[in-house]
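Observations on the model geometry
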Amino acid sequence: MARKTREEAEQTRHLLLDTAEQVFWEKGVAGTSLADIAAAAGLTRGAIYWHFSNKLDLFNALCDRIIPELEILDARLLDRNVNPATRLWQHGHAMFALLHDNPRIRRICGIHHLGCEQVGEMAPLLLEQISWTQEKQAKLQQVLHCAQEQHLLRDDVDPKLAAIGLHSLYGGLIHSWLLAQDDRTIHHNLSALLSPYFEGIFKERYWLQPLPCAAE
């Protein structure tokens, strides 16, 4: 009987997260109360507080659902069996493919980019966002440093600055696409949008060549 109770509790938790994802997407985080989520799920507020201490706790649990997919992208980005230029190129395309093909990831990223004010009870998200950004840029910088050691980068390119620029390019394109998801321009022309940046930091089109990768 206890096992059934745990299973039911887990089902309720998933229902609350599914409902929060939809309501946050439709109304924004600031415009949504825990009572709104409970009502939309057909549950009481007590059911929410059984699983989550507050809205921030629920929101973080919602974001945790997409971490495994993002970790797969990062693992491929850091795969030393592929040359660094190719890794960066494939990483950008893989991110947009994931956004395009996975509705959950698209909604949660959309909530982050468009529907979440990082003030008030959600203010701790700002520090988390800063930390995530720094971590992401550090991974890009690691790959760009590998490219520099293999003499793939142009001589005047600083891996740290290039990482900041590339991360900003990815973020800007994602934001623009989330604003108008029915417009397929970015999705269908991603290579053309990324190529000028890659051509600006690499000596040749190494991202399209199966070069051997030296140890990092």
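None of these values were measured; they are calculated from a predicted model.

For the rest of this paragraph, the subject is the overall build of the chain. Assigned secondary structure in the chain consists of 11 helices and 0 strands. Principal axes of the C-alpha set define a box for the chain whose edges measure 60 × 40 × 30 Å. For the chain, buried positions account for 40% of its 216 residues. For the chain, restricting intrachain contacts to residue pairs at least 6 apart in sequence, the fraction spanning at least 24 positions comes to 73%.

Under the domain assignment used here, the chain contains domain 1 (6-63) and domain 2 (66-201). Distance between the C-alpha centres of domain 1 and domain 2: 29 Å. Between domain 1 and domain 2, the residue contacts involve 14 residues of the former and 17 residues of the latter. Between domain 1 and domain 2, the buried area comes to about 1,400 Å², and carbon and sulfur atoms account for 64% of it. Three residues stand out in domain 1 for area buried against domain 2, namely Glu21, Trp25 and Cys63, and they jointly supply 42% of the buried area on that side. Counting across the interface, domain 1 meets domain 2 through 4 salt bridges. We note a salt bridge from Arg104 to Glu21, for which the minimum N-O separation is 3.0 Å. Here domain 1 is connected to domain 2 by 6 residue pairs in polar contact (both at pLDDT 80 or more). Of all elements in the fold, only helix H1 (2-27) and helix H4 (55-64) reach the threshold of two or more residues within the side of domain 1 that touches domain 2. The dominant element in the side of domain 1 that touches domain 2, judged by the number of residues it contributes, is H4, at 6 residues. Residues belonging to the side of domain 1 that touches domain 2 are distributed by class as follows: 8 nonpolar, 3 polar and 3 charged.

Before going further, it helps to examine the side chain of Thr32. Within the secondary structure layout, Thr32 lies in the loop between H1 and helix H2 (34-41). A distance of 2.7 Å separates a polar side-chain atom of Thr32 from the backbone oxygen of Gly28.

Turning our attention to a nonpolar patch on the surface. Judged by side-chain polarity, Trp25, Leu114 and Leu179 come together as a nonpolar surface patch covering roughly 280 Å² of accessible area. By the secondary structure assignment, Leu179 is in helix H9 (residues 159-179). With relative accessibility at 58%, the residue Leu179 sits in the exposed group.

If a residue is not glycine, its phi is most likely negative; likewise, a peptide bond is most likely trans. The phi angle at His151 is positive, at roughly 60 degrees, despite the residue not being glycine. The residue His151 is located in the loop between helix H8 (124-149) and H9 in this model.

Definitions and limits used
Residues numbered from 1 in each chain as written. Predicted model: local features only at pLDDT ≥ 70, side-chain atom pairs only at ≥ 80, totals over all residues. Heavy atoms only, no water. Helix = DSSP H or I, 4+ residues; strand = E, 2+ residues; numbered from the N terminus. Buried < 20%, exposed > 50% of the residue type's maximum accessible area, 1.4 Å probe, protein only. Contact = heavy atoms within 4.5 Å. Domains from an automatic or database assignment. Buried area = accessible area lost by both parts, 1.4 Å probe. Salt bridge = Lys/Arg side-chain N within 4 Å of Asp/Glu carboxyl O. Polar contact = N/O pair within 3.5 Å; in protein donor to acceptor, adjacent residues only side chain to side chain. Nonpolar A, V, L, I, M, F, W, Y, C, P; charged D, E, K, R; others polar. Patch = residues over 30% accessible without salt bridge, like charges linked within 9 Å, V, L, I, M, F, W, Y side chains within 5 Å. Areas by Shrake-Rupley, 256 points an atom, 1.4 Å probe, with all protein chains shown as cover.

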